[in-house]
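What the coordinates show
Spelled out from the first residue to the last, the chains are:
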Amino acid sequence: MSSSDHRVIVGQTGQNVLGLAVGGVATFAAQVLITNALGDEAFGVVTLTTQAAFIAAAATRFGMDVADVRLVAILAGRGEVVRARGLVRRSVAIAAAVSLPFSVVAFLASPWLAERFTAVPSLGEPAFRAAAVTVPFAALAFVYMGATRGLKIMRYTLYSQWIVQPIGWIVLTVAFWAASKTAAMTTLAFGASWALALSVAFVGWEREQRRFPADGGATLFSQLLFWTDLFVLSVLWSGKGSVGAAQVGIYGAVLRAGQALFLFITSVSLTFSPFVADLHHRGEREQLDALYKNVTRWTLAATIPVLLVLGILPGQTLRIFGPDFTSGADALRILIVGMAVNVTVGTVGFILIMAGRTGWDLTLYLCGFGIDVGVALALAGPNSLGIRGAATAQAATLTFSAVARLLLVRRFLGIWPFDGKWLRLAVPALLGALTMWLVHAVMPEGKWALDLLVSAALGTGVYGAAMLVIGLSPTERAAVLRLILRRSRAEARG
């Protein structure tokens with residue numbers, strides 16, 4: 001692995017983390033805004049319909065975004081990037097040909113969808129209509145974002161998916177609420193925000209492709225897997241009226257909070273994917289193995305503070321959504337077990353896809369889908385564990401998927417993320433967890449916001465200091481200290 005590739009990955013991952021942090025904060029703010037303005041029942045409908053639209057967009061873009069990342073990266077590595085123009089045009093045409101008719105059918109089927117999947121059909125029907133309108137905008141946005149990521153350019157994905165879309169959703173929601181403060185208008189604002197994201201992604205691709213020389217399935221399941229148990233829960237509780245709607249809303253907040261764990265792995269995946277395609281195509285296995293080890297350990301190291309907050313302070317985290325959401329604390333603790341396994345093994349799904357092993361990846365998604373549905377049907381009903389059962393289904397599914405992909409990556413590519421450097425993470429994680437738990441234990445009972453802020457800050461501070469002293473290798477520590485010193489000097493001069 002060349003030092004220039006390392007610099008590109010570190011630099012672009014840093015940009016990604018910043019962009020994803022902006023997007024994550026904006027998305028979280030949107031959830032808090034909705035829960036406090038509309039309550040848990042309407043929030044459940046909004047979560048259900050927006051995620052249905054997001055999953056439908058993944059299905060109807062027909063894997064064209066992932067194909068663009070892989071094939072554009074390979075063409076660029078061969079010096080044949082000019083051929084990417086036609087490739088992307090075909091990808092866009094395929095995604096449009098599938099997503100537009102699907103949108104029409106879903107719009108017409110909204111009464112049935114609302115009756116089947118929500119406990120409050122009067123709220124659900126117009127929201128499902130708005131979700132149907134969203135599908136082609138989101139599908140095409142992802143196709144264009146995949147094209148620019150294949151060029152190893154991440155900024156348009158950050159602008160489109162992680163800045164314009166979530167911030168646009170907040171602004172448009174507030175604007176649309178002036179007409180009607182409902183779940184339907186909130187979902188419609190979600191669709192409009194994806195229209196804005198599409199325009200940014202399109203402009204980004206057009207700008208980059210003008211620099212070229214003159215012309216001479218798995219994606220669906222990756223999204224569906226994170227939300228299947230929510231849909232099963234909504235069906236099982238659809239006959240329970242407002243109680244059922246509230247349970248779906250609370251579990252939606254649990255999923256949203258838990259997915260904070262994926263902030264850094266998502267960032268790395270966006271940067272890592274085209275490098276995997278390029279290095280694997282050129283047969284540079286040792287370089288790919290070294291890169292996989294480094295980025296996976298870095299990703300876990302950056303994720304540990306979030307994991308500690310969600311595991312030690314789940315009730316305080318969910319309290320941000322409103323007082324009714326704290327009952328999801330046990331479900332959140334269960335959920336993050338599977339998510340932690342997923343982060344620990346790294347971007348194994350992307351590696352399989354970028355290496356051309358999409359058949360195996362799809363097979364595992366189908367198996368995972370079966371596990372998620374089966375466990376959720378058995379455990380998530382009103383007479384069973386409810387949202388804790390849904391979280392168990394998700395955790396089991398994520399664990400199976402991560403471990404199975406890890407073994408396949410080792411078999412087919414001969415690479416492995418773990419080495420002796422991983423042991424360096426243990427002591428900082430333990431010290432951070434102990435600090436956070438002790439501070440939480442002595443904080444005043446009713447001061448949930450203060451408890452969350454102070455416990456998280458002190459625990460993360462101790463973890464960060466221990467990482468700098470113990471967790472980094474000498475080379476990494478020297479690089480971090482040089483970076484800190486360089487920035488300090490720049491700020492002093494400024």
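A brief structural summary. Since we're looking at a predicted model, the values are computed, not measured.

Mapping Ala 97 onto the fold places it in helix H3 (residues 84-108). Judged by its relative accessible area of 53%, Ala 97 falls in the exposed class. Taking C-alpha positions, Ala 97 is 8.9 Å from Arg 61, a pair spaced 36 residues apart along the chain.

What follows covers empty space enclosed by the protein. With a probe scaled to a water molecule rolled over the atoms, the places where space remains empty come into view. The space that makes up the largest cavity amounts to roughly 80 Å³. With four residues, helix H1 (residues 3-60) is the single largest residue contributor to the lining of the largest cavity. The class makeup of the residues in the lining of the largest cavity is seven nonpolar, five polar and one charged.

Turning to the packing of aromatic side chains, a few remarks are in order. A full pass over the atoms with the stated rule returns 14 aromatic pairs. Seen from their ring centres, Trp 112 and Phe 117 are 6.4 Å apart, and the 80° between their planes marks the pair as edge-to-face. Between Trp 169 and Phe 190, the ring centres sit 5.0 Å apart and the planes meet at 70°, which makes this aromatic pair edge-to-face. Taken together, the residues Trp 169 in helix H6 (residues 155-177) and Phe 190 in helix H7 (residues 183-209) connect sequence positions 21 residues apart. The class for Trp 169 is buried, based on a relative accessible area of 2%. Residue classification places Phe 190 among the buried positions, given a relative accessible area of 5%. An aromatic cluster is defined as three or more aromatic residues linked by ring pairs; in this entry it consists of Phe 43, Phe 321 and Phe 325. A cation over an aromatic ring shows up here: Arg 405 above the ring of Tyr 365, its NZ or CZ 4.1 Å from the ring centre.

Criteria and cut-off values
Residues numbered from 1 in each chain as written. Predicted model: local features only at pLDDT ≥ 70, side-chain atom pairs only at ≥ 80, totals over all residues. Heavy atoms only, no water. Helix = DSSP H or I, 4+ residues; strand = E, 2+ residues; numbered from the N terminus. Buried < 20%, exposed > 50% of the residue type's maximum accessible area, 1.4 Å probe, protein only. 1 Å grid on protein atoms, 1.4 Å probe; cavity = no way out; pocket = protein on both sides within 12 Å on 5 of 7 lines; lining within 4 Å. Points joined across faces, edges and corners; volume = space filled by probe spheres on them. Nonpolar A, V, L, I, M, F, W, Y, C, P; charged D, E, K, R; others polar. Phe/Tyr/Trp six-rings, centres within 6.5 Å; stacked < 30°, edge-to-face > 60°. Lys NZ or Arg CZ within 6 Å of the ring centre and 35° of its normal.

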